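Survey of secondary and tertiary structure
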Amino acid sequence: MDPSGTGFYKTRKCKKRTDYINSEPSFVVVVAIDFGTTSSGYAYAFTKEPECIHTMRRWEGGDPGVSNQKTPTTILLTPDRKFHSFGYAARDFYHDLDPSESKHWLYLEKFKMKLHTTANLSIDTDLHAANGKRVKALDIFAYALAFFKEQALKELSDQTGSEFDNNDVRWVITVPAIWKMPAKQFMREAAYKSGLVSRENAEQLIIALEPEAASIYCRKLRLHQMVDLGTHTTQNGFSPTDNVGSGMAQAKEHVRRNRQSRTFLVENVIGELWSELEEGDRYVVVDCGGGTVDLTVHQIRLPEGHLKELYKASGGPYGSIGIDYEFEKLLCRIFGQDFIDQFKIKRPAAWVDLMIAFESRKRAAAPERTNPLNINLPFSFIDYYKKFRGHSVEHALRKSNVDFVKWSSQGMLRMSPDAMNSLFKPTIDHIIQHLTELFEKPEVSNIKFLFLVGGFAESPLLQQAVQNMLQGRSRIIIPHDVGLTILKGAVLFGLDPSVIKVRRSPLTYGVGVLNRFVEGKHPAEKLLVKDGTRWCTDVFDTFIAADQSVALGEMVKRSYTPAKPSQQVIVIHVYCSEKEIVGFISEPGVKKCGTLRLDVSGTESTAPRREIQTLMQFGDTEIRAMAVDVSTGRTVKASIDFLSH
């Protein structure tokens, strides 16, 4: 074994374009799951009727003032950690438990962000339930996916009149484009654990990137399906009409037949907006979700209308839950951090209630609003505060220096519009700063349209901020049903994953190898002499550089020789960096991000030098690896693991 810890020597290096794409298996239906930070849902289309996208049946429950096309991403486990319920059902059941019981149940919400914020994510990463107990994140994600699998298969069985077979489904799960590889792999592992798909049949599941899905859907938009912020305004950015084309009699018939499912027609044409685009035109998709904001720049390629990613996805944890955190910080300023922490643990259901009350008022925030917003304080909040502090909530408000929140005699917090707007400010400022930086990039000049999608895009405050920042530089388009844009686009992506032809690599990827030592080029401390040969250790062998264009199906080939002919498994460490040019794996900012395992057992060869050729495919939403034993032509099992440390 050589000291650089790589277990192999680099033999030769070549890069070849191959249009290697897995042969597409055939499926009867594509089901996409939008597993969001704040809300989730699914949609599907039969491959024989790709223009009809059905979104899931209406959920039981629902909040006043909030459209319930999706269900909250909340999950409830019984005291013995078995799955109980998901969504509104989980929230309502938890809410109705007696406080003495509820503290034993495990209730989780807004847990998806953990995958984005955990630096060294692994299979063993934990989450905290509302009662403070720890649970394995993988179990929670697997329970949620199993729930969606069961719901979707049940609906498909009802629609087709017979038991629907999971093998006939192509599943698509959406994730933020800015997620790193471990988080994407984590979602895939959860899908295996949930029984959504099996490892042996991995291509039955596609991981789709949220802004890409939105982009694919936006291409199909007709003028009556969106709002152009520059030209005309509809009430709150949305018109209440259903977005089904008026002249489509057969469509109406279809919708009538499917009253219980929500059917959207995606005409098999390029929308009018798109017909204004010419070869090479650029547009930005700003996907504002609950947890993250994702920015993707696409360029149109005619005649097929394929998409090319122009600049690597950027963004950050600036979703709408940032406003909830600001509200929580405000409550801590008024009532004390110690009280809020205790209240959340001792009266978890009442805390959920308070946040639901805040959510519906949050949606009423608008730039020109003049009258205050009232937020109901649950009785147990008022009661518990009195016990905890010995004085009233009203007294706390008078004593605090927060003058824009008052106490209303009906038992409510009265927030001035300015107070509410100030809760939005940090989150919106982050988004605007990010957009400003993006628009300064040379590859992001002459942007024709900016599509604002995701649930947070409904916020008039955000819409106005984006308008002010752009100052007419490009048109702002908001699709109707903006919260379902990603879901519908993910279904279209599942029907044709090759629509995105070129992506940009977010990071530089490579492996550590030994190269022949060259005097004057290599630093002396990297010299290793082995059997009379001078080697340079820790050399970073680049597979792909950050922001490099990669075509769909493009392969990077490398050949490696095991250090010992008898080795059964070759373990190659994969490193990544945000820098484009990397010389050594020891440089600052270079992280070990994964392991490439090549199982060479059973491919014994008589050749004096054993050569293993690895093929890595980068143009997809996930990185794939294959390997061949050159002397025997046999395929070697290869897998990249981003989750083990």
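Residues numbered from 1 in each chain as written. Predicted model: local features only at pLDDT ≥ 70, side-chain atom pairs only at ≥ 80, totals over all residues. Heavy atoms only, no water.

Moving on: the sheet that holds strand β8 (residues 106-109). Here we have three strands laid out as an open sheet, ordered β7-β6-β8, and antiparallel in their pairing. Of all the strands in the sheet, the pair left with one neighbour each is β7 (83-86) and β8. Put simply, the sheet's adjacent strands are angled 20° from each other on average, direction ignored. As paired elements, strand β6 (residues 74-77) and β8 share four bridges and run antiparallel to each other. Looking across to β8, one finds that Leu76 is bridged to Tyr107. (Pairing = 2+ DSSP bridges. Helix = DSSP H or I, 4+ residues; strand = E, 2+ residues; numbered from the N terminus. Axes fitted to C-alpha atoms, helices over the stretch in contact; angles between N-to-C directions.)

The next point concerns the pattern of salt bridges. The full count for this structure, using the stated rule, is 26 salt bridges. The salt bridge involving Arg363 is made with Glu458; its shortest N-O contact spans 3.9 Å. Of this pair, Arg363 sits in the loop between α11 (348-362) and β18 (373-376) while Glu458 sits in the loop between β21 (447-453) and α15 (460-470), placing them 95 residues apart in sequence. Exposure remark for Arg363: the relative accessible area of 38% places this residue in the partly exposed category. Arg534 is paired through a salt bridge with Glu519; the nearest N and O atoms lie 2.3 Å apart. Of this pair, Arg534 sits in strand β26 (residues 533-544) while Glu519 is found in the loop between β24 (508-516) and β25 (527-530), placing the two residues 15 residues apart along the sequence. Since its relative accessible area comes to 61%, Glu519 is described here as exposed. (Salt bridge = Lys/Arg side-chain N within 4 Å of Asp/Glu carboxyl O. Buried < 20%, exposed > 50% of the residue type's maximum accessible area, 1.4 Å probe, protein only.)

As a further point, take the packing of helix α10 (residues 337-346) against α11. Across the interface, α10 lies against α11 with an axial gap of 5 Å and an inter-helix angle of 110°. Viewed along their axes, α10 and α11 adopt a mutual orientation that is roughly perpendicular. On α11, the residues that touch Ile340, Phe343, Lys344, Ile345 and Lys346 of α10 are Pro348, Ala350 and Trp351. Here the contact of α10 with α11 is composed, by residue class, of six nonpolar, no polar and two charged. (Parallel < 35°, antiparallel > 145°, perpendicular 65-115°, else oblique. Contact = heavy atoms within 4.5 Å. Nonpolar A, V, L, I, M, F, W, Y, C, P; charged D, E, K, R; others polar.)

With that settled, consider the packing of aromatic side chains. The tally for this structure, following the rule as stated, stands at 30 aromatic pairs. With centroids separated by 5.2 Å and ring planes inclined at 70°, the aromatic side chains of Phe86 and Phe148 adopt a geometry described as edge-to-face. Remark: Phe148 occurs in helix α4 (residues 137-160) and Phe86 occurs in strand β7; sequence separation between them is 62 residues. Note on accessibility: Phe86 and Phe148 belong to one class, buried. Positioned above the aromatic ring of Trp535 is the side chain of Arg516, whose terminal nitrogen or guanidinium carbon lies 5.2 Å from the ring centre. (Phe/Tyr/Trp six-rings, centres within 6.5 Å; stacked < 30°, edge-to-face > 60°. Lys NZ or Arg CZ within 6 Å of the ring centre and 35° of its normal.)

By the element assignment, Thr485 lies in helix α16 (residues 485-495). Separated by 3.0 Å, the side chain of Thr485 and the backbone oxygen of Val482 make a polar contact. Among residues more than four places away in sequence, those in contact with Thr485 are Ala213, Ala214, Tyr217, Cys218, Val453 and Pro479. (Polar contact = N/O pair within 3.5 Å; in protein donor to acceptor, adjacent residues only side chain to side chain.)

A few words now on the nonpolar core. By size, the foremost hydrophobic cluster in this structure holds 149 residues, and its most contacted members are Phe141, Phe327 and Phe335. Take this core: its biggest share by element is 11 residues, from α4. If sequence neighbours within four positions are ignored, Phe327 has contacts with Leu354, Met355, Phe358, Ile375, Met415 and Leu423. If you look at the next biggest cluster of nonpolar residues, it comprises 31 residues, including Phe543, Ile572, Leu596 and Leu598. (Core = buried A, V, L, I, M, F, W, Y, C linked by side-chain atoms within 4.5 Å.)

Positive phi values are uncommon outside glycine, yet Gln471 reaches one of about 45°. As for its placement among the helices and strands, Gln471 is situated in the loop between α15 and β22 (475-479). What makes Gln471 exposed here is its relative accessible area of 69%. The phi torsion at Asp538 lies on the positive side, around 65°, for a residue other than glycine. Relative to the helices and strands, Asp538 resides in strand β26. Among the residues examined, Asp538 registers a relative accessible area of 19% and is labelled buried.

What follows is about the pairing of strand β33 (residues 634-641). Here five bridges tie strand β30 (residues 591-599) to β33, and the two strands are oriented antiparallel to one another. Counted as the bridge partner of Leu596 is Ile640 from β33. Two elements, strand β32 (residues 624-629) and β33, share three bridges in a ladder whose sense is antiparallel. Note on β33: the bridge partner recorded for Asp629 is Arg634.

What follows covers α15. Burial analysis of α15 places eight of its 11 residues in the buried class, the great majority of the element. Within α15 the residues assigned to the buried category are Pro460, Leu461, Leu462, Gln463, Ala465, Val466, Met469 and Leu470. With its phi angle positive at about 45°, Gln471 sits one or two positions after the end of α15.

With that out of the way, let us pick up the sheet that holds strand β17 (residues 306-316). Across the sheet, which stays open at both edges, the eight strands sit in the order β13-β22-β21-β15-β16-β17-β23-β27 with mixed pairing between neighbours. Sheet topology places β13 (226-228) and β27 (549-551) at the edges, where each strand pairs with a single neighbour. Across this sheet, the average inter-strand angle for adjacent strands is 25°, counted without regard to direction. In this structure, β13 lies alongside β22, joined through three bridges in antiparallel fashion. Note on β22: the bridge partner recorded for Met226 is Pro479. Taken strand by strand, helix α6 (residues 210-218) contacts β15 (282-288), β16 (293-301), β17, β21, β22 and β23 (500-504), and its axis lies near 125° from that of β15.

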